[in-house]
Amino acid sequence: MIMRISSGNICKSNCNILYMTKKHMGLVVLPISKCFKLSKLGARRFKITSSWNPRYGAHCSFADRAVAELRERWMEFQGIKNWEGLLDPLDDDLRKEILRYGKFVEAAYHCFDFDMSSSTYATCVYPENSMMLTNCGLDKSGYKVIKNLYATCAVKMPQWTKRTFPNLASPRSSWIGYVAVCDNVEEIARLGRRDVVIAYRGTATSSEWLENLRTTLTCLPDNMMSPDENYDQPMVQSGLLSLYTTNTQCDQSLQDTIREEIGNILDKYSDEPLSITVTGHSLGAALATLTAYDITTKFSKAPIVSVVSFGGPRVGNKSFRCQLEKRRTNVLRIVNSDDPVTKVPGFVINDVAEKGTAHVASTGMPSWLQKCMEDTQWVYAEVGKELRLSSKGDIATCHDLKTYLHLVDKFVKVDSDQ
């Protein structure tokens with residue numbers, strides 16, 4: 001039975017609680033086994049305890065149980081336990097979360113102006129932030145775009161190419177993604193926290209392709225490092241770092257934009273559960289990893305920061321990976337075993353089997369030889385947790401984002417015929 005509801009009043013149903021926020025004047029359904037503080041949203045604070053568990057309630061629908069499952073386990077899905085036991089077989093709720101973040105990356109592609117003949121080439125085709133996700137079919141996502149992101153290339157196309165190949169001309173600074181914040185009361189309740197998404201597209205301009213070709217490792221700048229005598233110098237791909245840190249007199253660097261926006265978000269939502277999820281495809285996947293590293297380096301009190309990357313190339317060396325792990329930056333790499341992009345740049349040497357062991361790496365390579373190879377600035381290290389899929393030899397589309405999302409949707413477990 002439903003009683004009359006006034007602002008902040010509560011009424012019981014079989015397995016839910018209905019309450020009305022002052023700000024939004026709308027009904028929100030929450031299972032009664034949880035207590036939420038939504039002070040930022042204008043709701044009165046209240047606490048309800050119950051021994052009834054919505055997972056096993058006979059009168060609770062499957063949808064209610066699924067919502068409760070996500071809300072209770074969101075930290076697991078964000079990688080707080082390194083996704084142990086969730087990838088093989090792939091947990092259905094985690095699958096939905098991966099696909100959900102994949103849609104945000106699709107939106108980044110959809111919003112980019114690929115028309116080289118257009119005066120708005122390499123910008124966002126939807127300048128109004130409020131309409132961006134709506135025009136990409138994500139109007140019911142519960143998220144709102146709050147910032148457009150631009151990356152600036154340090155390398156320029158040679159002058160002769162502009163005359164000979166005018167179609168290759170591209171601006172130094174291009175729209176590459178956006179920051180979105182979940183601002184819907186019901187979606188926040190469903191997720192169990194307020195989620196911030198940073199989404200990046202992949203390579204699209206000639207200048208970005210040139211940056212991709214700068215594949216030697218380079219040291220991180222001082223403002224992206226913390227003194228630690230236990231680790232060697234963290235290094236990342238030269239072109240990737242350039243895209244992230246380069247600025248001009250007219251254009252702010254991607255790094256400065258990210259730091260400024262995340263700082264504002266952390267100040268605004270400091271009193272509620274928060275997560276930051278950085279996602280991207282191809283070049284965007286590599287940028288997502290570097291962005292997450294920078295956030296956890298810059299902000300010592302950052303919330304859970306996770307990466308969901310699709311078809312990304314390698315990013316940095318072993319020391320870079322160690323620093324990621326030290327800062328508890330959670331990285332989930334979705335990899336198609338048939339995708340060559342995930343196997344470049346450089347090459348990987350397996351780590352020493354046991355820290356401090358004498359002279360032989362797990363590959364059987366003498367440590368002095370391994371050291372010499374690492375000094376060439378071509379030895380990378382894989383980061384995070386890998387979900388490996390296979391398109392079964394379909395080389396033509398093996399790197400497409402749609403292929404990745406299709407594989408995630410159909411994947412069951414390793415060596416499965418699904």
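Attention in this report is confined to the structure presented alongside it. Predicted, not measured: the structure shown is a model, and the values here were computed from it.

About the thresholds
- Residues numbered from 1 in each chain as written.
- Predicted model: local features only at pLDDT ≥ 70, side-chain atom pairs only at ≥ 80, totals over all residues.
- Heavy atoms only, no water.
- Helix = DSSP H or I, 4+ residues; strand = E, 2+ residues; numbered from the N terminus.
- Buried < 20%, exposed > 50% of the residue type's maximum accessible area, 1.4 Å probe, protein only.
- Contact = heavy atoms within 4.5 Å.
- Areas by Shrake-Rupley, 256 points an atom, 1.4 Å probe, with all protein chains shown as cover.
- Axes fitted to C-alpha atoms, helices over the stretch in contact; angles between N-to-C directions.
- Parallel < 35°, antiparallel > 145°, perpendicular 65-115°, else oblique.
- Left-handed = near helix turned anticlockwise from the far one by under 90°.
- Nonpolar A, V, L, I, M, F, W, Y, C, P; charged D, E, K, R; others polar.
- Core = buried A, V, L, I, M, F, W, Y, C linked by side-chain atoms within 4.5 Å.
- Salt bridge = Lys/Arg side-chain N within 4 Å of Asp/Glu carboxyl O.
- Expected span 1.5 Å × (residues − 1).
- Polar contact = N/O pair within 3.5 Å; in protein donor to acceptor, adjacent residues only side chain to side chain.
- Pairing = 2+ DSSP bridges.

**Quick notes on the overall build of the protein**
- Each helix and strand in the protein was counted, giving 12 helices and 14 strands.
- Scored against the burial criterion, the 418 residues of the protein give a buried share of 51%.
- Partitioning the contacts of the protein with sequence separation of at least 6, the portion at a separation of at least 24 is 69%.
- As presented, the protein carries roughly 20500 Å² of accessible surface, and 52% of it is formed by carbon and sulfur atoms.

**With respect to the packing of helix α7 (residues 238-245) against helix α9 (residues 283-298)**
- The interhelical angle for the contact between α7 and α9, taken along N-to-C directions, is 65°, at an axis separation of 10 Å. Taken as axis vectors, α7 and α9 run roughly perpendicular relative to one another. The chirality of how α7 crosses α9 is right-handed. For the pair α7 and α9, the contacting residues are Leu-240, Leu-241, Leu-243 and Tyr-244 in the first and Leu-283, Ala-286, Leu-287, Leu-290, Thr-291 and Asp-294 in the second.
- Classifying every residue of the contact of α7 with α9 by side-chain character gives 8 nonpolar, 1 polar and 1 charged.

**Brief notes about unusual backbone geometry**
- Note the cis peptide between Asp-88 and Pro-89, where omega equals 5°.
- Examined against the element boundaries, Pro-89 turns out to sit in the loop between α1 (62-77) and α2 (92-110).
- The omega torsion of the bond from Val-344 to Pro-345 falls at -5°, within 30 degrees of zero and hence cis.
- For Pro-345, the location among the structural elements is in the loop between β11 (330-336) and β12 (347-348).

**Examining the nonpolar core**
- Counting residues in hydrophobic clusters, the biggest one holds 45 residues, and the most contacted among them are Ile-98, Phe-104, Tyr-178, Phe-310, Ile-334 and Leu-387.
- If you tally residues by element for this core, the top one is α2, at 8 residues.
- Counting 41 residues, the second-largest nonpolar core is a separate cluster that includes Leu-220, Leu-240, Tyr-269 and Leu-324.

**Overview of the pattern of salt bridges**
- The tally for this structure, following the rule as stated, stands at 18 salt bridges.
- Here Glu-106 makes a salt bridge to Lys-402, at a shortest N to O gap of 3.3 Å. You can see Glu-106 sitting in helix α2 and its partner Lys-402 sitting in helix α12 (residues 401-410), a full 296 residues away along the chain.
- Given the relative accessible area of 64%, Lys-402 is considered exposed.
- Residues participating in the shared-partner salt-bridge network are Arg-314, Arg-333, Glu-382, Glu-386 and Arg-388.

**Describing α9**
- With 16 residues, α9 extends 22 Å between its outermost C-alpha atoms, agreeing within 8% with the 22 Å of an ideal straight helix rising 1.5 Å per residue.
- Judged by how many residues are buried, α9 sits mostly within the fold: 15 of 16 residues are covered.

**Digging into the environment of Thr-120**
- Summarising the element assignment, Thr-120 is placed in the loop between α2 and α3 (129-135).
- A distance of 2.5 Å separates the side chain of Thr-120 from the side chain of Asp-113, its partner in a polar contact.
- At 2.8 Å, the side chain of Thr-120 forms a polar contact with the side chain of Ser-118.

**Regarding the environment of Asp-91**
- Here Asp-91 is to be found in the loop between α1 and α2.
- Its relative accessible area of 17% is what places Asp-91 among the buried residues.
- Expressed as a C-alpha distance, the spacing of Asp-91 and Val-412, which sit 321 residues apart in the sequence, is 8.5 Å.
- Excluding anything up to four places from it in sequence, Asp-91 contacts Arg-73, Phe-77 and Leu-86.
- Within the structure, the side chain of Asp-91 is placed 3.5 Å from the side chain of Arg-73, a separation counted as a polar contact.

**Let's talk about the pairing of strand β5 (residues 173-182)**
- Counting buried positions along β5 gives 10 out of 10 residues, so the element sits mostly inside the fold.
- The pairing of strand β4 (residues 143-152) with β5 spans 9 bridges and is antiparallel. Across the sheet, the residue bridging to Lys-144 is Val-181, located in β5.
- In terms of strand pairing, β5 meets strand β6 (residues 194-200) through 5 bridges, oriented antiparallel. Across the sheet, Gly-177 pairs through a bridge with Tyr-200, a residue of β6.

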